[in-house]
Amino acid sequence: MTTLKDLASTIRSKNAGVDLITFDIIFRDRDAFVRVRDSAVITPARVADMFRVPPADITDFVVFEPARAIKFTIRRKVPSGSPGERDVFGSQQYPPLFEIRIPD
Amino acid sequence: MKGGRRAMKPFRVLCPTGHLSFTPLEKGSFLLACGYGPDAIAADAGSCDMGPRPLGADEHVSLEAWQRHDLEVMLLQSRRLGIPMIVGSASDTGTDRGVDQFVALVRDIAKEHRLPPFRLAAIYSEVPVEELKRRLLRRERIEGLCGRPDAGLSILERTDRAVAVMDAEPMRQALAAGADVIIAGRSSDCAIFAAPLLHAGHDPANSYFLGKLMECASFCAEPYMAKESVMGWIDEGAVYVRAMHPDQRCTPLSVASHAMYERPNPYFEHVAGGCVDMTDCVYEQVDDKTTRVRGARFVTSPTYRMKIEGAGFVGHRRIAIVGIRDPDTIRLIDQAVAWARDKVAERFGPDGNSYRLHYHLYGRDGIMGPMEPRPVAAPQELCVVVESVSRDPQVAFEACALGSRNLFYARLPALKGTAGAAAMMSDEILIGEPGYEWTLNHVVMVSGPGDLVRTRHHRIADGAAWGIAR
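Residues numbered from 1 in each chain as written. Chains lettered and ligands numbered in written order. Predicted model: local features only at pLDDT ≥ 70, side-chain atom pairs only at ≥ 80, totals over all residues. Heavy atoms only, no water.

### What to know about the packing of aromatic side chains
No. 1: If you walk through the whole model with that rule in mind, you get 14 aromatic pairs over all chains.
No. 2: Aromatic pair Tyr94(A) and Phe98(A): ring centres 5.8 Å apart, planes at 45°, arrangement tilted.
No. 3: When the ring of Trp233(B) is compared with that of Tyr240(B), the centres are 5.5 Å apart and the planes differ by 5°; the resulting orientation is stacked.
No. 4: Members of the aromatic cluster, connected to one another through ring pairs, are Phe23(A), Phe51(A), Phe61(A) and Phe72(A). (Phe/Tyr/Trp six-rings, centres within 6.5 Å; stacked < 30°, edge-to-face > 60°.)

### Here we look at the side chain of His358(B)
No. 1: Among the secondary structure elements, His358(B) is positioned in strand β16 (residues 356–362).
No. 2: Discounting residues that sit within four places of it in the chain, His358(B) has contacts with Pro83(A), Gly84(A), Arg341(B), Val385(B), Val386(B), Glu387(B) and Val389(B). (Helix = DSSP H or I, 4+ residues; strand = E, 2+ residues; numbered from the N terminus. Contact = heavy atoms within 4.5 Å.)

### Focus: the sheet that holds strand β10 (residues 268–271) of chain B
Residue and element names in this part refer to chain B.
No. 1: Ordered by their spatial adjacency, 3 strands build an open sheet running β10-β11-β14, and the pairing between neighbours is antiparallel. Two strands close off the open sheet at either side, each with one partner strand: β10 and β14 (297–300). In this sheet, adjacent strand axes meet at a mean angle of 20° when their direction is disregarded.
No. 2: Sheet topology note: the strand β11 (residues 274–277)/β14 ladder contains 4 bridges and is antiparallel. Paired with Val276 across the bridge in β14 is Phe298.
No. 3: Along the sheet face, helix α10 (residues 204–214) touches β10, β11 and β14 and points at about 110° away from the line of β14. (Pairing = 2+ DSSP bridges. Axes fitted to C-alpha atoms, helices over the stretch in contact; angles between N-to-C directions.)

### Quick notes on the sheet that holds strand β2 (residues 8–15) of chain A
Residue and element names in this part refer to chain A.
No. 1: Spatially, β2-β3-β5-β4 is the arrangement adopted by the 4 strands of the open sheet, whose pairing is antiparallel. The open sheet is flanked by β2 and β4 (58–64), the only strands paired with a single partner. Within this sheet the neighbouring strands show an average axis-to-axis angle of 10°, counted without direction.
No. 2: Pairing between β4 and strand β5 (residues 69–75): 6 bridges, direction antiparallel. Opposite Val62, over in β5, you have Lys71 as the bridge partner.
No. 3: Where helix α2 (residues 30–39) meets the sheet, it contacts β3 (20–27), β4 and β5, and its direction lies at approximately 125° from that of β3.

### A look at the nonpolar core
Residues and elements named next belong to chain B.
No. 1: Met171, Ile182 and Phe209 are the most contacted members of the largest nonpolar core, which totals 74 residues.
No. 2: Among the elements that make up this core, the one with the highest residue count is helix α9 (residues 189–199) (8 residues).
No. 3: For Met171, the residues in contact, after removing those within four places along its chain, are Ile86, Ile123, Met166, Ile182, Ala184, Ser187, Ala191, Ile192 and Ala195.
No. 4: Counting residues in hydrophobic clusters, the runner-up holds 37 residues, among them Leu71, Met85, Ala90 and Trp233. (Core = buried A, V, L, I, M, F, W, Y, C linked by side-chain atoms within 4.5 Å. Buried < 20%, exposed > 50% of the residue type's maximum accessible area, 1.4 Å probe, protein only.)

### Here we look at the interface of chain B and chain A
No. 1: The interface of chain B with chain A comprises 44 residues on the first partner and 43 residues on the second.
No. 2: Roughly 3600 Å² is buried in total at the junction of chain B and chain A, and carbon and sulfur atoms are behind 63% of that figure.
No. 3: Among the residues of chain B in contact with chain A, Met260(B), Pro264(B) and Met371(B) are the three that bury the most area, contributing 19% of the side total.
No. 4: Scanning the region where chain B abuts chain A turns up 3 salt bridges.
No. 5: The interface formed by chain B and chain A contains 17 residue pairs in polar contact (both at pLDDT 80 or more).
No. 6: Contributing elements (two or more residues each) for the side of chain B that touches chain A: α11 (252–259), β15 (304–324), β16, β17 (382–390) and β20 (435–446) of chain B.
No. 7: Of all the elements, β20(B) adds the most residues to the side of chain B that touches chain A, at 5 residues.
No. 8: Classifying every residue of the side of chain B that touches chain A by side-chain character gives 24 nonpolar, 10 polar and 10 charged. (Buried area = accessible area lost by both parts, 1.4 Å probe. Salt bridge = Lys/Arg side-chain N within 4 Å of Asp/Glu carboxyl O. Polar contact = N/O pair within 3.5 Å; in protein donor to acceptor, adjacent residues only side chain to side chain. Nonpolar A, V, L, I, M, F, W, Y, C, P; charged D, E, K, R; others polar.)

### Overview of the pattern of salt bridges
All names here are of chain B.
No. 1: Per the counting criterion, the structure on display carries 51 salt bridges over all chains.
No. 2: The residue Arg292 makes a salt bridge to Glu284 at a minimum N-O spacing of 3.3 Å.
No. 3: Accessibility expressed as a relative area gives 28% for Glu284, which makes it partly exposed.
No. 4: Across the pair Arg356 and Asp351 runs a salt bridge whose closest N-O atoms are separated by 2.7 Å.
No. 5: Under the relative-accessibility criterion, Asp351 is labelled partly exposed at 32%.

### Description of unusual backbone geometry
Residue and element names in this part refer to chain B.
No. 1: With an omega dihedral of -5°, the bond running from Glu222 to Pro223 counts as a cis peptide bond.
No. 2: The topology assignment puts Pro223 in the loop between α10 and β8 (230–235).
No. 3: Of note in this structure, Ser21 is not a glycine but carries a positive phi near 75°.
No. 4: Looking at the secondary structure, you find Ser21 in the loop between β1 (12–15) and α2 (27–34).
No. 5: Given the relative accessible area of 1%, Ser21 is considered buried.
No. 6: Here the phi dihedral of Asp92 falls at roughly 80°; this positive angle occurs in a residue that is not glycine.
No. 7: Looking at where Asp92 falls in the secondary structure, it is placed in strand β3 (residues 85–92).
No. 8: Using a relative accessible area of 1% as the deciding quantity, one classes Asp92 as buried.

Without other data, these values stay purely geometric and don't point to any function.
Structure below.
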């Protein structure tokens, strides 16, 4: 079974300002990009479910052709860097995406 | 004017680094790039990425030795070539302290190198919290971004320091007034590069868009080499960005990937006076190291709105590190934490009264917390970082000590090891930096670019800064 990790060259997360974390999935080639895009496996509802956030906390979801990428943004529960917060840069929130299965 | 420009070499902006002095800039590709006829050198020196403490406490996180290094490398080339140097978001946060600190460094460097006199513009955009309160009293909206509610008095009471984020206009005006060097407070990253392009007569769409592509230096190039120099220019309605390191190139893919970096949406970039719309941008390779992009549009906002960033002190922080190896304790860790929390509550009342206590369970879900789809139920080892916060440092200390030592004494059913349910890495309570929070991520309506921004012009000569009467 093919996973997102097999098809992507970059999977990353990072702050987009102090209240948002944005996720970029950039595909290794156009075929991989088209395959995942057309499979419609990655959707706002799917990522909301995966990260256990209400769908309304997915602020943006974009299929970005020029970068062969799928990009979405999640509202943080707590602003970056507050006491008790876990990831100041938002840079380690992406790994659960690795295992998403993409149909052949 | 435009017809005449086509015959001329396009105006080139050189970006030597992103977040100047966070790490020292790479001199090699910068000096190489200086040989390719730049017309301006520009760099952003700030970020929100490090969290709220630098702004709230009004401190810089970059070492002053590195700040001096980067400013010196840029200033010497700027003066040698006779081209403007523009630095925005001075000293990590862009507060008035940051602007003054960078101006002092520029003055010292000029003196040390006996640079010929030049004109410096210092542009300030810190906003006193009192000014924001006055706006509230006048029933002006302080509008929340990213789903935040509008700010009321209670949020302003929690704010120690705030900055307004300027667009290119104050910097463009300073260039028009003859500034050779600009040190600006908090600025939209793209505006720092847009200012000289606008001053050279280019349109806002391409000027801001090129700034967006260049702001993190060679993050828009491949292969990844962190922050090396890049050069950008506008010609016949398209922007061009070129990697200056010999081993890097700007490709349509690398540039488009960067266009979406660190932003919620790849199509829109908001600045005080409007928004760059990148929906129809087309990326093309023009030579081995250069990519051309056409199609950016600028939508002028009907009202002029400036973003306000604010941060405030939450409390003193203490930290303890506890390890757990016993599989029974790991299995019952939530009970152990509840036990320890109860012991703290016995002493100081419930969490949220005079203290807050946070348990970070590394090995289970320490990094993602409630967003973790698959918390590990039974890791072999668990690291618990106990973090306490209180306005009273003694309460912070005691809450952390009780909250960590009681993991050691947790009374759990059927525990085999009765000589301690946890391993203290060291029986000490670490003193953390004070905790701050982002209180403001808001916008206010202003009458124009100069409303919250003040510019001072200086003549730097013989190591002194002489104010110029306006």
